[in-house]
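# Summary of structural features
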Amino acid sequence: MLEIKGLNKSFGSNLVLKDINLDIEGNKIYGLLGRNGAGKTTLLNLISSQLIRNSGDIKYQGEEIFENSKAIEDMCLVKPLPESSKDKKVRDIFTMARLMYKNWDESYKEQLISEFNLNTNKRLQKLSAGNKTIVGLIIGLASRAKLTIFDEPTLGLDAAMRYMFYNSLLKDYETNPRTVIISTHLIDELANLFEEVIILNSNMITLKDEVSNLRERSYFLSGNGDIVNEIVKNRKILYREELGSTMIVGIYDNLSENEKREIRSRNIEISTIPLQKLFVFLTEGTLGEVM
Amino acid sequence: MLDLNSDKSIYIQIAEIIENDIILGNLKEEEQSPSTNEFARVYQINPATARKGLNILVDEGILYKKRGIGMFVSRGARSEIVRKRQASFLKEKLPEILMEANRLEITFDELIQHIKKLGGGR
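Everything numeric in this text was worked out from a predicted model, so none of it was measured. (Residues numbered from 1 in each chain as written. Chains lettered and ligands numbered in written order. Predicted model: local features only at pLDDT ≥ 70, side-chain atom pairs only at ≥ 80, totals over all residues. Heavy atoms only, no water.)

## Considerations on the nonpolar core
All names here are of chain A.
- Core analysis: the largest hydrophobic core is formed by 53 residues, its most contacted members being F94, L118, V135, I139 and F150.
- When residues of this core are assigned to their parent elements, the largest contribution, seven residues, is made by helix α5 (residues 129-143).
- Those residues in contact with F94, other than ones at most four positions away along the chain, are W104, K109, I113, L118, T120, V135, I138 and I139. (Core = buried A, V, L, I, M, F, W, Y, C linked by side-chain atoms within 4.5 Å. Buried < 20%, exposed > 50% of the residue type's maximum accessible area, 1.4 Å probe, protein only. Helix = DSSP H or I, 4+ residues; strand = E, 2+ residues; numbered from the N terminus. Contact = heavy atoms within 4.5 Å.)

## Thoughts on the packing of aromatic side chains
- One pass over the full model with this rule turns up eight aromatic pairs over all chains.
- Aromatic side chains F165 of chain A and Y166 of chain A sit 6.0 Å apart centroid to centroid with 55° between the ring planes, which places their arrangement in the tilted category.
- We classify Y166 of chain A as buried; its relative accessible area is 1%.
- Centre to centre, the rings of F220 of chain A and F281 of chain A are 6.2 Å apart; their planes meet at 85°, and the pair counts as edge-to-face. Of the two residues, F220 of chain A is situated in strand β11 (residues 218-224) and F281 of chain A in helix α11 (residues 275-283); the sequence distance between them amounts to 61 residues.
- In this structure an aromatic cluster arises from ring pairing among F150, Y163, F165 and Y166 of chain A.
- When the ring centre of Y11 of chain B is taken as reference, the NZ or CZ atom of K52 of chain B above it lies at 4.4 Å. (Phe/Tyr/Trp six-rings, centres within 6.5 Å; stacked < 30°, edge-to-face > 60°. Lys NZ or Arg CZ within 6 Å of the ring centre and 35° of its normal.)

## As for unusual backbone geometry
Residue and element names in this part refer to chain A.
- Located in the positive-phi region is S202, a residue other than glycine, with phi close to 40°.
- Exposure remark for S202: the relative accessible area of 44% places this residue in the partly exposed category.
- At N203, a residue that is not glycine, the phi angle is positive and equals roughly 70°.
- Among the secondary structure elements, N203 is positioned in the loop between β9 (196-201) and β10 (204-210).

## Observations concerning the confidence of the model for chain B
- Per-residue confidence for chain B gives a mean pLDDT of 90; residues scoring 70 or more make up 98%.
- Interface confidence for the predicted complex, given as ipTM, is 0.72, next to a pTM of 0.85. (pLDDT = per-residue confidence, 0-100.)

## So, the sheet that holds strand β7 (residues 147-151) of chain A
Residues and elements named next belong to chain A.
- If you trace the six strands from one edge of the open sheet to the other, you get β6-β7-β8-β3-β9-β10, paired in mixed fashion. The sheet terminates laterally at β6 (75-78) and β10, the two strands that pair on one side only. Across this sheet, the average inter-strand angle for adjacent strands is 15°, counted without regard to direction.
- Sheet analysis places strand β3 (residues 29-34) next to strand β8 (residues 179-183), joined by four bridges and oriented parallel. Residue I29 lies in a different strand from β8, and its bridge partner there is V180. (Pairing = 2+ DSSP bridges. Axes fitted to C-alpha atoms, helices over the stretch in contact; angles between N-to-C directions.)

## Section: the pattern of salt bridges
Residues and elements named next belong to chain A.
- Considering all chains together, one arrives at 29 salt bridges over all chains under this definition.
- The shortest N-O distance in the salt bridge between E110 and K109 comes to 3.0 Å.
- In the salt-bridge network here, residues are joined through shared partners; they are E25, K28, E196 and K208. (Salt bridge = Lys/Arg side-chain N within 4 Å of Asp/Glu carboxyl O.)

This is how it looks when you write it as structure tokens:
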């Protein structure tokens, strides 16, 4: 549904995004991961026409997104509300949102307000940090926008509220499939919600793959150092740690069921690398570039 | 329950959860299986992952689709799963157990004695 080709963006002499190529397919939930300053927010702002790019194409359903009213109606970017909204009452903010999004569902909005127990008569600035975030999340959910983007949706939310949001998202996705992009630092909490992850590292996309593929391609092996070394020879190594004669090595490679059995028969333990750890390995130092 | 740290793929775990329910009789032949979306919501996983798990069982003939209604347990599913699990028990699990027994220097006779004591096998 969204095609990005050769996208570049810099602020002055500061290059933020370099030659981004990305295909976003319809009705999938994507996770956009990157370290601070990797350019996630800039990319999301470019996709939703909040910023002007230096060069490259962004097409929504085959058409240029800039000044494209159809693309604007179909997209909702949820990010912290601007300063100019702080004196507005929450219910007036919802009224403005209703006018902006073509697929807005007013009764779903009401339902979310009562589920999240939000007082809409208050002015935005009077709300707690968590409740301010919730105003944005309700707009994103109730917009039913074909492409809904949540930029760091969990800021200020406690664990109970975060899980309420994940549940609401999954429940609504069931009956109203759409494309969702979520940028987050809470990787392990959200990993299994994503169908695909996109990793942005040093201004470039260094990885885009299905979460299930990544799980089948990243393993910790631990056991006798000599045997582990022999097994990981010629495999891509992400991590290596020694504990006496035991060695723990993280590899990025497929292991067939037969290979796993063979490795286990040599008294080597195998476990999957959690997505958050994999992300750390892939975005620290220069490892990301060899992917 | 799902084990997110297991080296087993989530969708394979979903397939096994359904198989276990069929083996235990919690889910009977010709009964409707929970849907992709129910699995997604309960385990908080992406519906595509859950779908992949259900589709494995459809491919193996353990579940079948009724258009517009959902997935149902095929006739003969239970014996099919039992057959499959027996094969994997003998080929994969048992060798692992025996390997651990060897590591712990348990003799063949001791092993047989314990199997008898525990009433293993039919």
